[in-house]
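Letter by letter, the chains look like this.
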Amino acid sequence: MHDSQTTPTSTAPNLLPVQRNQLVVPVPEDSFREAFEEAREWLDNVHERMLGGPDEVLRQNMHSLHLGLITLRRRWSPEQWRRFCKETAKKHPLRPFLHQCPFTRRAFERPRGYAGDAVLIDYLYMDRAADELHAGREIYKYMHQQPSSLSVRERKLLLARAIDETAERVPGGARILSVACGHLREAESSRAVAEHRVGELIAFDQDPLSLAEISHHNPLDVVKPVCGSVRALLSGKTKFQDMDFVYSAGLYDYLSDAVATRLTGLLFGMLRSGGRMLVANFAMYPPETGYMEAFMDWWLIYRDEDGMRALLGEVPLDQLASVRLYRDSQDNVIYLELTRR
Ligand SMILES: C[S@@+](CC[C@H](N)C(=O)[O-])C[C@H]1O[C@@H](n2cnc3c(N)ncnc32)[C@H](O)[C@@H]1O
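Here is what the cut-offs are and how they apply
- For every chain, the first residue of the written sequence is number 1, and numbering continues from 1 onward in sequence order.
- For this predicted model, a pLDDT threshold of at least 70 governs which residues receive local features, and a threshold of 80 or more governs which side-chain atom pairs are given and counted, while totals over whole chains, interfaces and linings are taken from all residues.
- Note that the side-chain values use all heavy atoms of the structure and ignore hydrogens as well as water.
- Labels follow the DSSP assignment, with helices taken as runs of H or I lasting at least four residues and strands as runs of E lasting at least two, numbered in each case from the N terminus.
- Aromatic rings from Phe, Tyr and Trp, with only the six-membered ring used for Trp, were paired whenever their centres fell within 6.5 Å, and each pair was classed as stacked if the ring planes differed by under 30 degrees, edge-to-face if by over 60, and tilted otherwise.
- Here the term buried applies to any residue with accessible area under 20% of the maximum for its type, exposed to any over 50%, and partly exposed to those in between, with areas from a 1.4 Å probe on protein chains only.
- Here, a charge over a ring means that NZ of Lys or CZ of Arg falls within 6 Å of the ring centre while also lying within 35 degrees of the ring normal.
- In this document the domain limits rely on a domain assignment from an automatic tool or a database.
- In what follows, residue pairs with any heavy atoms lying within 4.5 Å of each other are defined as contacts.
- When two components associate, each loses some accessible surface as probed by a 1.4 Å sphere; the sum of these losses over both components is called the buried area.
- Think of a salt bridge as a Lys or Arg side-chain nitrogen and an Asp or Glu carboxyl oxygen that are within 4 Å of each other.
- N or O atoms closer than or at 3.5 Å make up a polar contact, with two conditions inside protein: a donor-capable atom paired with an acceptor-capable one, and, for residues adjacent in sequence, both atoms drawn from side chains.
- Each residue gets one of three labels, nonpolar for Ala, Val, Leu, Ile, Met, Phe, Trp, Tyr, Cys and Pro, charged for Asp, Glu, Lys and Arg, and polar for the others, Gly among them.
- Residue proximity to a molecule or strand is established when one non-hydrogen atom of the residue lies within 4 Å of it.
- Strands are labelled as partners when DSSP assigns at least two bridges between them.
- As used here, the term nonpolar core means buried Ala, Val, Leu, Ile, Met, Phe, Trp, Tyr and Cys residues forming a set that is joined through side-chain atoms within 4.5 Å.
- Per residue, pLDDT captures the predictor's confidence, and it can take any value from 0 to 100.

Let's shift gears to the environment of A39. Within the secondary structure, A39 sits in helix α2 (residues 29–50). Along the chain, A39 and L69 lie 30 residues apart, while their C-alpha atoms are 9.3 Å from each other.

Next comes the structure, spelled out in structure tokens:
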């Protein structure tokens, strides 16, 4: 596709030639500086139009901003894009303006010391705009309706359904493990959990504050919070076995290929015969990726179907009854589902 066709709006910056698939084409330093300067001026314009404009104008400019940023991300090499985020977006006055949105701000500030904590994800599960001032509320409302936000809510319902299906498949005592469970909101949407038809749902996470929240909202004879890290699983310090269903959502997006592959083999080994495993990962690339990286400092590891298949590297193939790969309705999240013989 030609450059002009990929430029989404007239407000997006028209900079260097597109580098398809982020191939690094040597570009002289002067051209970068010019390109960054042009992008900074574009951010100035977006900021100016957003300031004091009516809601409709703010929404239109959020839209232009998302499209413009993803265009720049596609156009530049990963190194150029990172440099733009660090040197230009991070220091631009548009950033504090956008940080009136509590969701955008929390990702950037990382109050728990790591990206993507469970409180941040709750901003997508719930509507928490009530306390915010005007612009912050409008930006949050916009973010709440973006495809990735819909995907996160869809993921929660899919997991709740999978818990219910496991309870039907193993009546009276299904053993389920959620790895990096966060607030385990899917359990609150599961009928089987509410009706105590699950034997045990182990909620495993490194964050004790998240586990405390789980204890307030779930029947504790079913849901068992366990504090621990992926590292403890990989080292064998923490072990689980005889599981009917093991799943992980919102974790693999942070794991390198090597760690994700090792973890997949390990979790598969925790299943009993007939048991299922489900892993979710954001696909390359949701339309919000540019905004997330530039203004939320939220960098995920995105995968495609080949990348998900490669996670089977340490799964004993003779014990594998089935493998299924599918995407959500937004084409945004890839699910890898494994069944053990
Ligand atoms: C994006 S949240 C996802 C929460 C939940 N699974 C969901 O789908 O809403 C990521 C969670 O992973 C946990 N986490 C991140 N790295 C971890 C690690 N190395 N070991 C254990 N938990 C981890 C965090 O504490 C956080 O609760």
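Past the structure itself, the notes keep going.
So, about the packing of aromatic side chains. Under the defined criterion, the tally for this structure stands at twelve aromatic pairs. When the centroid spacing of 5.1 Å and the interplanar angle of 25 degrees are considered together, the rings of F245 and Y247 count as stacked. The exposure class assigned to F245 is buried, which follows from its relative accessible area of 3%. Take Y247: its relative accessible area is 1%, and that puts it in the buried class. Through successive ring pairs, a cluster of aromatic residues spans F32, F36, W76, W81 and F84. Note that R82 overlies the ring of W299, its terminal NZ or CZ placed 4.0 Å from the centroid.

One can read the domain layout of the chain as domain 1 (3–17 + 28–140) and domain 2 (148–340). Averaged C-alpha coordinates put domain 1 and domain 2 at centres separated by 30 Å. Of the residues lining the interface, 34 residues belong to domain 1; the matching set on domain 2 comes to 28 residues. In this assembly, domain 1 packs against domain 2 so that about 2700 Å² is buried in total across both faces, 64% of it on carbon and sulfur atoms. It is R73, L124 and Y125 in domain 1 that bury the most area against domain 2; as a group they hold 23% of the surface buried on that side. Counting every contact that joins domain 1 to domain 2 gives four salt bridges. Here E293 ties to R73 by a salt bridge, and the two come within 2.7 Å at their closest N and O atoms. The tally of links between domain 1 and domain 2 comes to eleven residue pairs in polar contact (both at pLDDT 80 or more). If you list the elements that add at least two residues to the side of domain 1 that touches domain 2, you get α3 (55–75), α4 (78–89), α5 (94–98), α6 (102–109) and α7 (118–125). In terms of residue count, α7 provides more of the side of domain 1 that touches domain 2 than any other element does, seven residues in total. In the side of domain 1 that touches domain 2, the residues fall into 23 nonpolar, four polar and seven charged.

What follows covers the site of the ligand. If you check the shell around the ligand, you find 17 residues, and the closest are Y114, Y125, A180, D205 and A249. Among the residues making up the shell around the ligand, the classes are represented as eight nonpolar, six polar and three charged. Residue-level mapping places the shell around the ligand at the junction of two domains, with at least three residues from each of domain 1 (3–17 + 28–140) and domain 2 (148–340).

Our focus in this paragraph is the pairing of strand β1 (residues 175–179). Along β1, four of the five residues are buried, which leaves the element largely enclosed by surrounding structure. As judged from the four bridges shared by β1 and strand β4 (residues 243–248), these two strands associate in the parallel manner. By the bridge assignment for β4, S178 is matched with Y247.

Turning our eyes to something else, we now look at the nonpolar core. Within the largest apolar cluster, 72 residues are counted, with the highest numbers of intra-cluster contacts made by L65 and L201. The leading source of residues in this core is α2, at seven residues. Each of domain 1 (3–17 + 28–140) and domain 2 (148–340) contributes no fewer than three residues to this core. Excluding residues within four positions of it along the chain, L201 makes contact with I163, I176, S178, L184, A187, V193, V222, V223, K224 and Y247. The next biggest cluster of nonpolar side chains, apart from the first, holds 30 residues, and it includes V179, I202, V279 and M308.

In this fold, T238 is placed in the loop between α13 (230–235) and β4. Given the relative accessible area of 18%, T238 is considered buried. In this structure T238 touches F204, A232 and L233, once residues within four positions along its chain are discounted.

Once that is clear, we can look at the confidence of the model for the chain. In the predicted model, the chain carries a mean pLDDT of 91, and the fraction of residues at 70 or more is 91%. Taken together, the stretch residues 1–11 has pLDDT below 50 and engages in 19 contacts with residues farther than four places along the chain or on a different chain. Across residues 15–24, confidence stays below pLDDT 50; counting only partners more than four residues off in sequence or on other chains, it has 34 contacts.

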